[in-house]
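# Examining the three-dimensional arrangement
What follows is the residue order along each chain.
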Amino acid sequence: MNKSTIKFSTATLIILTMMVSCGEKYTSTIKEGITVVTNEDGATLGFSETSGVAIIAQDRYAFKDLNKNGTLDSYEDWRLPVAERAKDLASQMSLEDIAGLMLYSSHQSLPGSSRGFGSSSYNGKPFPESGAVASDLSDEQKKFLTDDHLRHVLITSVESPAVAAQWNNNAQAFAEGLYLGIPVNTSSDPRHGSDSYAEFNAGAGGAISMWPGTLGIAASFDPALMQQFGEIGSKEYRALGIATSLSPQIDLATEPRWSRFDGTMGEDPDLATDLARAYVDGFQSTDGGDWGMQSVNAMVKHWPGGGPEEGGRDGHFGYGAYAVYPGKNISDHMKPFTEGAFKLDGPTKMAAAVMPYYTISTGEGENVANGYNKYLITDILRGKYGYEGVLCTDWGITRDITSVSKFEGKPFGVENLSVAERHYKAIDAGMDQFGGNNDMGPVLEAYKLGSAAMGEEAMRARFEASAVRLLTNIFRVGLFENPYLDVAETTKIVGNSEYMKAGFDAQLKSIVMLKNNSKTLPVEGKKKVYVPQRYIAPSTNWWGITSEEKMVDAFNMEVVAKYFDVVDTPEEADIALVGIYSPDGGVGYDSADLENGGNGYVPINLQYGDYTADTAREVSLAGGSPLEDFTNRTYKGKSVKTINTTDMKLVTDTKAKMGNKPVIVSVKVSKPMIFSEIEGSASAILVHMGVQDQALMEIITGAAEPSALLPFQMPADMLTVEAQFEDVPRDMKAYTDADGNTYDFAYGLNWNGVIADERVKAYK
């Protein structure tokens, strides 16, 4: 038997018995409508009985006939190099196929919400009324997979790991039956954060393992820990059907006021570089080796570094459209990419994909957003640094914008172009893919524009070049061979007790002890503790969703009660435990200022008390949006309040009530803060970047010793914040406390005092 085409059905086992007798090198099983074919010393194949895919038997091995032509095409031959397979498939793809491949879906929840952001329908009805189950494809998903040929899907919340796995199987079966049988490449933003109120039990699992955020892992100063996270995270991702991570965020956090500071790996270029390398190695390698079925493509972001936002204003809005370089220091921001993510220790060599940020990098090529900047994309990233992977825009950069303060599109610098012209400009700059775009229409229009400019043959070649890159990332993680999951196995893998324990141990290594006056910590014995409630002010988030004011427990009091005897009043207590957040000092823009005759721009505050920016720049470094009739975005002389100023009052009031008895303060920090307002009222201070309350209790009671270090500076005051350069790391005067300790980069305490180990020597 040299070559044959075989459809597996209920007669599969009989057919396979005949094949084995003929010396074939594969066997098969069927479970829940999925046929799994195992090749001896070769690839394991999986396909749905509903997709119409058949098996081609050639050279005694089995191959999937994805395009259903009865012939083994190069792209179907798992023995061939990925580059050859990707090139063959790209050459067979229609223009519509490639245009769809260049799309990356808007956010999809499983199941889809009934209204608001990311809403979906099922058979024309909202999910609760449809009779659908959570793992069904929504109407919108079926449309973009079919009509728009889309194959890259971003998922957000999922009802459970089992639902995610079954949805994956449904989506893969649906896509496998279409066109060329190109599988779905599902992706996710980071999803391993910690639920502070959750309780950890060494023998129990969870929905997914809980880890500190990347900034918290950065506080360990341990690249090996970051790599361990990547290795575990990749296995859980693949068990959920996720083959691409929209991470890590390796922006250098040199601007302390930036709202995305807590998603970074800190402000030091050397530490961030080592951690970026470790993260990508962990996610992309299978069992520490090359690409495989446990590998996850890492999309590093945001080129060339989104950290140096002027005044700390974020690029999700027009008021934060500009990255500035007063220190002429863009090189440090590129280093985590060029020396970290692009120079891996493992055999996958470099990160699979890169996402530029929304911002205009002032002074670096054309004055347009990074995703349109041919100098930064083609000349520098592709040319100077030789990057060969996928380039995907951040979400929504081609959409229209009507105001600098609305959460809309981000076509910064190209506001006056049409949507199709923006797509063409991004492609011409060197981009391969459009984040958050479900509609292939503008991509097809961009193809026409390119054909008119350079000729259709050249434009077809340009599209195929992007297709090859995009297909490469799908091929090398094994999706063309077997994109299907065993749902029962998924429930065993995701959030298993081993992974949960690893995440909890990492949380312990991420908590920084800043102050320990008179060795307040550890607290030995089951002391009486007073824990005041925390006030949450009313607020409105990016999407306009409001929340009411409320009083909340600062910790999970059931957890606290396992370590302490909780009492109701300070008078009864031996110690007080206060839980607060770092100051939420605004976003740097206030429509009320604009309505009152100002330019709308206000300071971002890193202290709890009111702040007036008397020393801010007279003239901003950047400006010029067509939506504004001025270019100077200065906020000098303006004042701003902090939303959670009551957190400061909670600390000082508790100290007043406790008298000479110890007050332990735990601060969840999202970015640097001014400690002068609360440090004097605290006997001990712990800071963390998102951990379970139980991890804090383990540190406080001495079950674990603090070992983490600050991966960024804590500024002495707002004067040093205003004086620092947005693009320069570690250029602030750090806060010095009453014990004479300075809260600088690489500072932290253990039970013996200031930590001065090999990590400090290596990075400080």
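Read on for a plain summary of the structure. Here the structure is a predicted model, which means the values were calculated and not measured.

The two faces of the sheet receive side chains in turn, since in a regular strand these alternate between them. Buried residues dominate strand 18 (residues 512–516), accounting for five of its five residues. Here strand 18 runs beside strand 29 (residues 684–688); their pairing, made up of four bridges, is antiparallel. Each bridged residue has a counterpart across the sheet, and for Val512 the counterpart in strand 29 is Val687.

Position of Asn644 among the secondary structure elements: in the loop between strand 27 (639–640) and helix 19 (646–658). Judged by relative accessible area, Asn644 falls into the buried class, the value being 9%. Engagement of the side chain of Asn644 in a polar contact is seen with the backbone oxygen of Ser582, the distance being 3.1 Å. In this structure, Asn644 is in contact with Arg534, Tyr581, Ser582, Pro583, Asp584 and Tyr608, ignoring residues within four places of it in sequence.

Let us now look at the pattern of salt bridges. One pass over the full model with this rule turns up 33 salt bridges. Note that Arg257 is salt-bridged to Glu722, the shortest N-O span being 3.4 Å. You can see Arg257 sitting in the loop between strand 11 (242–245) and helix 9 (269–284) and its partner Glu722 sitting in helix 21 (residues 718–723), a full 465 residues away along the chain. Across the salt bridge formed by Glu310 and Arg617, the nearest N and O atoms sit 3.3 Å from each other. A residue pair is termed long-range when its members are at least 10 positions apart, and Glu310 in the loop between strand 12 (297–303) and strand 13 (322–323) and Arg617 in the loop between strand 26 (611–612) and strand 27 qualify at 307 residues. Here the residues in one salt-bridge network are Asp59, Asp77 and Arg79, joined through shared partners.

Where empty space is left in the structure can be found by rolling a water-sized probe over the atoms. Evaluated as defined, the whole model comprises six cavities of 30 Å³ or more. Taken as a whole, the largest cavity encloses approximately 120 Å³ of empty space. In terms of lining residues, the largest cavity is bounded by 16 residues, among which Glu310, Ala616, Arg617, Tyr635 and Glu722 are the most central. Per-class residue counts for the lining of the largest cavity are four nonpolar, five polar and seven charged.

Another point: the sheet that holds strand 14 (residues 353–356). Each strand in a sheet pairs with its neighbour through backbone hydrogen bonds, running either in the same direction (parallel) or in the opposite one (antiparallel). Pairing within the open sheet is parallel, and its seven strands lie in the order 8-9-10-11-12-14-16. A strand with exactly one partner marks an edge of an open sheet, and here the two such strands are strand 8 (107–110) and strand 16 (390–391). In this sheet, strand 9 (residues 152–158) lies alongside strand 8 in parallel orientation, the contact comprising three bridges. Counterpart to Leu110 in the pairing with strand 9 is Val158.

Here we take up the packing of aromatic side chains. By the definition in use, this model includes 30 aromatic pairs. Centroid distance Phe261 to Phe712: 5.1 Å. Interplanar angle 85°. Geometry classified as edge-to-face. Of this pair, Phe261 sits in the loop between strand 11 and helix 9 while Phe712 sits in the loop between helix 20 (693–700) and helix 21, and the two are 451 residues apart along the sequence. Each member of the pair, Phe261 together with Phe712, is buried. Here Tyr589 and Tyr601 contribute two aromatic rings whose centre-to-centre distance is 5.1 Å and whose plane-to-plane angle is 85°, an arrangement assigned as edge-to-face. Here Tyr601 lies in the loop between helix 18 (591–595) and strand 26 and Tyr589 lies in the loop between strand 25 (575–581) and helix 18, a separation of 12 residues in the sequence. According to the relative accessible area criterion, Tyr589 is buried, its value standing at 11%. By the ring-pair criterion, three or more aromatic residues cluster together here, those being Phe317, Tyr319, Phe407, Tyr589, Tyr601 and Phe630. The residue whose ring lies beneath Lys410 is Tyr358, and the NZ or CZ to ring-centre distance is 5.2 Å. The aromatic ring of Phe407 is capped on one face by Lys410, whose charged end is 4.1 Å from the ring centroid.

About the criteria used
Residues numbered from 1 in each chain as written. Predicted model: local features only at pLDDT ≥ 70, side-chain atom pairs only at ≥ 80, totals over all residues. Heavy atoms only, no water. Buried < 20%, exposed > 50% of the residue type's maximum accessible area, 1.4 Å probe, protein only. Helix = DSSP H or I, 4+ residues; strand = E, 2+ residues; numbered from the N terminus. Pairing = 2+ DSSP bridges. Polar contact = N/O pair within 3.5 Å; in protein donor to acceptor, adjacent residues only side chain to side chain. Contact = heavy atoms within 4.5 Å. Salt bridge = Lys/Arg side-chain N within 4 Å of Asp/Glu carboxyl O. 1 Å grid on protein atoms, 1.4 Å probe; cavity = no way out; pocket = protein on both sides within 12 Å on 5 of 7 lines; lining within 4 Å. Points joined across faces, edges and corners; volume = space filled by probe spheres on them. Nonpolar A, V, L, I, M, F, W, Y, C, P; charged D, E, K, R; others polar. Phe/Tyr/Trp six-rings, centres within 6.5 Å; stacked < 30°, edge-to-face > 60°. Lys NZ or Arg CZ within 6 Å of the ring centre and 35° of its normal.

By themselves, these observations are geometric and do not establish any function.
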